[in-house]
Amino acid sequence: NGEVAAQYARSHLHYNILTNPNFKTCVKDAILQGYLQTNQQFCKEALKVEESSGTTATSVLIVGDKMFSANVGDSSAILARRKKGAIHMTTEHHA
């Protein structure tokens, strides 16, 4: 199951995004690099204990007046707006 990977992502993804050196100048790059770094870190730790689980993740981050969304796997984010309908904010990535 993906419980171990999901717990790892929950504990590390936000930190890796917010502490990325690009966060203050290019949030989009910081999010991408944060996802990649979290994946690399988990894979390294998982090899040590022969863990083979994986997870999906979706993030929405508001910085000032901008909203950023990101996802991996078949998870998604939908913004529901009163009287304006829903907007898909992400694209699902199927294996």
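Before any of the text, the structure's been laid out above.
Let us look at the structure shown here. Every chain begins its residue count from 1, and numbering advances along the sequence as written. Local features in this predicted model are restricted to residues of pLDDT 70 or higher, and side-chain atom pairs are both shown and tallied only at a pLDDT of 80 or more, whereas totals for entire chains, interfaces and linings draw on every residue. Only hydrogens and water are set aside when side-chain values are computed; all heavy atoms of the structure are taken into account.

Regarding the nonpolar core
For step 1, the next point in the chain: To qualify as a nonpolar core, a set must consist of buried Ala, Val, Leu, Ile, Met, Phe, Trp, Tyr and Cys residues joined through side-chain atoms within 4.5 Å. Accessibility here uses a 1.4 Å probe with only protein chains present; expressed as a share of the type maximum, an area under 20% marks a residue as buried, one over 50% as exposed, and anything in between as partly exposed. Leu13, Ile17, Phe23, Val27, Ala30, Ile31, Tyr35, Ala57 and Ala70 form the largest nonpolar core, which has 9 residues in total.
For step 2, the next point in the chain: Think of it this way: any DSSP run of H or I at least four residues long counts as a helix, any run of E at least two long counts as a strand, and we number them from the N terminus. When residues of this core are assigned to their parent elements, the largest contribution, 4 residues, is made by helix H2 (residues 27-48).
For step 3, the next point in the chain: Any two residues whose heavy atoms approach within 4.5 Å at even a single point are treated as in contact. The residues contacting Ile17, other than those within four sequence positions of it, are Phe23, Ala30, Ile31, Gly34, Tyr35 and Leu61.

Digging into the pairing of strand E3 (residues 78-81)
For step 1, the next point in the chain: Looking at chain direction, E3 and strand E4 (residues 85-88) are connected through 4 bridges and run antiparallel. Directly across from Ile78, in E4, lies its bridge partner His88.
For step 2, the next point in the chain: A pair of strands is considered paired only if DSSP assigns at least 2 bridges between the two. Between E3 and E4, which pair antiparallel and follow one another directly, the connecting turn spans 3 residues, one of which, Lys83, has a positive phi of 65°.

Details of the side chain of Ser53
For step 1, the next point in the chain: Considering the arrangement of structural elements, one finds Ser53 in the loop between H2 and strand E1 (57-63).
For step 2, the next point in the chain: Within polar-contact distance, the side chain of Ser53 engages the backbone nitrogen of Ala5 at 3.4 Å.
For step 3, the next point in the chain: Within the local environment of Ser53, its side chain forms a polar contact with the side chain of Glu51, the two groups lying 2.8 Å apart. Within 3.5 Å is the distance limit for a polar contact, defined as a pair of N or O atoms, with the added protein rule that one can donate a hydrogen and the other accept it, and that residues adjacent in sequence qualify only through two side-chain atoms.

So, H2
Count 3.6 residues to each turn of an α-helix, and residues three or four apart come out pointing the same way.
For step 1, the next point in the chain: In a regular helix each residue adds 1.5 Å, so 22 residues correspond to 32 Å; H2 covers 32 Å between its end C-alpha atoms and thus fits that length.
For step 2, the next point in the chain: Looking only at H2, the buried set comprises Val27, Ala30, Ile31, Gly34, Tyr35, Thr38, Phe42 and Ala46. Projection of H2 onto a plane perpendicular to its axis shows the buried side chains occupying an angular sector of 135°, all on one side. In H2, the exposed residues that point more than 90 degrees away from the buried face are Gln40, Lys44, Leu47 and Lys48.
For step 3, the next point in the chain: Among the structural elements, helix H1 (3-18), E1 and strand E2 (66-72) are those in contact with the buried residues of H2. Given the number of residues in a helix, its expected span is that number minus one, multiplied by 1.5 Å. The arc refers to the directions leading from the helix axis to the C-beta atoms.

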